[in-house]
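Here are the chains, one letter per residue:
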Amino acid sequence: MSDFKFPENFLWGGAIAANQAEGAFREGGRGPGNIDMIPHGVGRLKVKTGNVPRPELQKGEYYPSHEGIDFYHYYKEDIALMSEMGFKVFRTSISWSRLFPDGDEEKPNQAGIDFYRNMFLECKKYGMEPLVTLCHFDIPMGLVEKYGSWRNRKVLDFFLRYANVCFKEFSGLVKYWLTFNEINIILHSPFSGAGIAFQEGENKAQVTYQSAHHILVASALATKLAHEWDPENQVGCMLAGGSFYPYSCNPEDVWESVKKEQENLFFIDVQVRGAYPSYTRKLFYDKGVSLIMEEGDLEILRNTVDFVSFSYYSSRCVAADMNDKASNEGNIIRSVKNPYLQASQWGWGIDPLGLRITMNQLYDRYQKPLFIVENGLGAKDEIRQDGSIQDDYRIDYLRSHIQAMKEAMEDGVELLGYTVWSCIDIVSASTGEMSKRYGFIYVDRADDGSGTLQRRKKKSFYWYKKVIESNGNDIA
Ligand code: BG6
């Protein structure tokens, strides 16, 4: 079907997140968040995975989120560049601790509200729809320290207070909302994903799934609130996507892939279908998890999302015996190396057909419109003597994924839009590096925080501009 055309209202754009871009971590009354406690370098993994019981700032460590790319001060310049590429949509997140510095205040911080209002107005000025994530991994440290983060049900109320302020204050400016970014990442990176730091002797699975329950109830209530504030509001869930392939056709490997797929999709199953899926009984039993629920929780979960958003970087591959296979070190979600794929400089498999597969699977399962809110290639960029950055590898990656996305749409998948991660270079979530660059716009900042922060257009900037101008017809 070569006569395929993207719909006229297809939302082309790009994405970033507050904690990786804004910096200004103590400006405008902002309080510290969990991500601000995660250092660059060797100590990083232990903190991220929740294996440091009381994370705090350490002398001599470097914390890349504290400055990010200083989007807090550069946002006008950056949004102008995005508009130059023709963005129809710009995805970012609100930093919870910019609105509620400790998390449990009665009243929000006005300076935080003003910052986001101005930023969304700036988007609107260029005709760009903001797509806003309420919680992109971050939570105020006050809530981590005083309440133990999401393991405590009280945090749910603080989150709703925060969500309510967002829906009220940004009503008429923001229509597309995501509740929690990559909600399934709590299973793999509990502190960086949800502020969970395990305490001595705790059953980690119990803490994780109990926290997940609170997050799911919070997400459902926030979805309900968003619809009450404005029936035009569209709310999505957000999955760290990428199908789990069996390493071989050995039924043992296939069964492993089924289990992993369920573990991954559990959250989205609840958010889209409005109920705990039947397989959770056995899953929880096997992991020694017994959920504490309040009366009415199951009913609350029936407030389902309007669309299914997801990130896609790569497919994953699993085997019954993971230990005798080479693993894909780069990925936070454990998987084995797929021998059929080339990989990025960080070992992430490159699999455009995997995007088509993932889209078909998600659409078949949920029958709700999809939204690709992250897709991109982290790579080292080099500035040539003439000042240019010839990032053809990034263009190739994006081209092949846009092609796959087109094909999935021809297969019958409904897709609302596509936001490339990240439209401008920002701090990497997994490694804390700046040198793992995804942007169309280069930012002069090195892994150790040095650099002028100057912005520079890469070759991919002009390429993506053409893609959007032609509404996806010209991806050459
Ligand atoms: C997703 C996150 O996991 O992937 C982003 O939502 C993240 O926050 C992105 O930056 C790419 O991962 P990384 O680790 O290369 O930055």
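These numbers come from a predicted model, not from an experiment. (Residues numbered from 1 in each chain as written. Predicted model: local features only at pLDDT ≥ 70, side-chain atom pairs only at ≥ 80, totals over all residues. Heavy atoms only, no water.)

Peer 1: Explain the site of the ligand to me, please; I cannot follow it from the model alone.
Peer 2: Inspection of the region around the ligand gives 14 residues, with Gln 20, Glu 182, Ser 430, Lys 436 and Tyr 438 positioned closest. In this structure, an oxygen atom belonging to the ligand sits 3.4 Å away from a side-chain N or O atom of Tyr 313. One of the side-chain N or O atoms of Tyr 438 is found 2.5 Å from an oxygen atom in the ligand. For the ligand, whose unbound accessible area comes to 370 Å², protein coverage reaches 94%. Along the lines of polarity and charge, the residues of the shell around the ligand split into 6 nonpolar, 5 polar and 3 charged. (Near = heavy atom within 4 Å. Polar contact = N/O pair within 3.5 Å; in protein donor to acceptor, adjacent residues only side chain to side chain. Areas by Shrake-Rupley, 256 points an atom, 1.4 Å probe, with all protein chains shown as cover. Nonpolar A, V, L, I, M, F, W, Y, C, P; charged D, E, K, R; others polar.)

Peer 1: I'm lost on the sheet that holds strand β7 (residues 307–311) in this one. Help?
Peer 2: The strands making up a sheet associate through backbone hydrogen bonding, with each pair oriented either parallel or antiparallel. Pairing in this closed barrel of 8 strands is parallel, and the strands run β1-β2-β3-β4-β5-β7-β11-β12 around the ring. Averaged over neighbouring strand pairs, the angle between their axes works out to 25° when direction is ignored. Bridge count between strand β2 (residues 89–93) and strand β3 (residues 129–135): 5 bridges; the pairing is parallel. Within β3, the residue paired with Phe 90 across the bridge is Pro 130. Where helix α14 (residues 392–410) meets the sheet, its contacts fall on β1 (11–15), β11 (370–374) and β12 (415–421), and the angle it forms with β12 comes to roughly 170°. (Pairing = 2+ DSSP bridges. Helix = DSSP H or I, 4+ residues; strand = E, 2+ residues; numbered from the N terminus. Axes fitted to C-alpha atoms, helices over the stretch in contact; angles between N-to-C directions. Contact = heavy atoms within 4.5 Å.)

Peer 1: What's the story with helix α11 (residues 280–287) in this structure? I'm lost.
Peer 2: Residues separated by three or four positions in an α-helix point in the same direction, a consequence of the helix having 3.6 residues per turn. The set of residues buried in α11 consists of Thr 280, Leu 283 and Phe 284. Down the axis, α11 shows its buried residues gathered within 90° of arc, on one side only. Across from the buried face of α11, at angles greater than 90 degrees, the exposed residues are Arg 281, Lys 282, Tyr 285 and Asp 286. On its buried face, α11 is in contact with α9 (204–229) and α10 (251–273). At the exit of α11 stands Gly 288, carrying a positive phi of roughly 70°. (Buried < 20%, exposed > 50% of the residue type's maximum accessible area, 1.4 Å probe, protein only. Arc of directions from axis to C-beta.)

Peer 1: Sorry, what's going on with the packing of aromatic side chains here?
Peer 2: The relative placement of two aromatic rings is captured by the distance of their centres and the angle of their planes. Applying the stated criterion to the full structure yields 37 aromatic pairs. Centre to centre, the rings of Phe 87 and Tyr 464 are 5.9 Å apart; their planes meet at 85°, and the pair counts as edge-to-face. One end of the pair, Phe 87, is in the loop between α3 (71–84) and β2; the other, Tyr 464, is in helix α15 (residues 459–469), with 377 residues separating them in the sequence. Residues Phe 87 and Tyr 464 agree in their burial class; the two are buried. For the pair Phe 115 and Tyr 116, a centre-to-centre distance of 4.8 Å together with 70° between the ring planes defines the contact as edge-to-face. With a relative accessible area of 0%, Tyr 116 lands in the buried category. Members of the aromatic cluster, joined through ring pairs, are Phe 71, Tyr 72, Tyr 75, Phe 90, Phe 115, Tyr 116, Phe 120 and Phe 170. In this structure, Lys 436 is placed above the aromatic ring of Trp 348, and the distance from its NZ or CZ to the ring centre is 3.8 Å. (Phe/Tyr/Trp six-rings, centres within 6.5 Å; stacked < 30°, edge-to-face > 60°. Lys NZ or Arg CZ within 6 Å of the ring centre and 35° of its normal.)

Peer 1: Got a minute to help me understand the side chain of Thr 133 in this structure?
Peer 2: In this structure, Thr 133 sits in strand β3. Apart from residues lying up to four places away in sequence, Thr 133 is in contact with Arg 91, Thr 92, Ser 93, Ile 94, Leu 178, Thr 179, Phe 180 and Asn 181.

Peer 1: Looking at this structure, I do not really get the environment of Leu 99. What am I missing?
Peer 2: Here Leu 99 lies in helix α4 (residues 96–99). Relative accessible area serves as the criterion here: at 0%, Leu 99 is assigned to the buried category. For the pair formed by Leu 99 and Gly 432, sequence separation is 333 residues and the distance between their alpha carbons is 24 Å. Not counting chain neighbours up to four residues away, the residues in contact with Leu 99 comprise Ile 94, Pro 108, Asn 109, Gly 112, Ile 113, Tyr 116, Tyr 162, Val 165 and Cys 166.

Peer 1: Looking at this structure, how should I read the pattern of salt bridges?
Peer 2: A full pass over the atoms with the stated rule returns 33 salt bridges. Here Asp 104 makes a salt bridge to Lys 146, at a shortest N to O gap of 2.9 Å. Taken together, the residues span a long stretch of sequence, with Asp 104 in the loop between α4 and α5 (110–125) and Lys 146 in helix α6 (residues 141–147) at a distance of 42 residues. Salt-bridge contacts for Lys 466 lead to Asp 474; the nearest nitrogen and oxygen are separated by 3.7 Å. Through salt bridges with shared partners, one network takes in Asp 381, Asp 391, Arg 394, Asp 425, Arg 437 and Lys 458. (Salt bridge = Lys/Arg side-chain N within 4 Å of Asp/Glu carboxyl O.)

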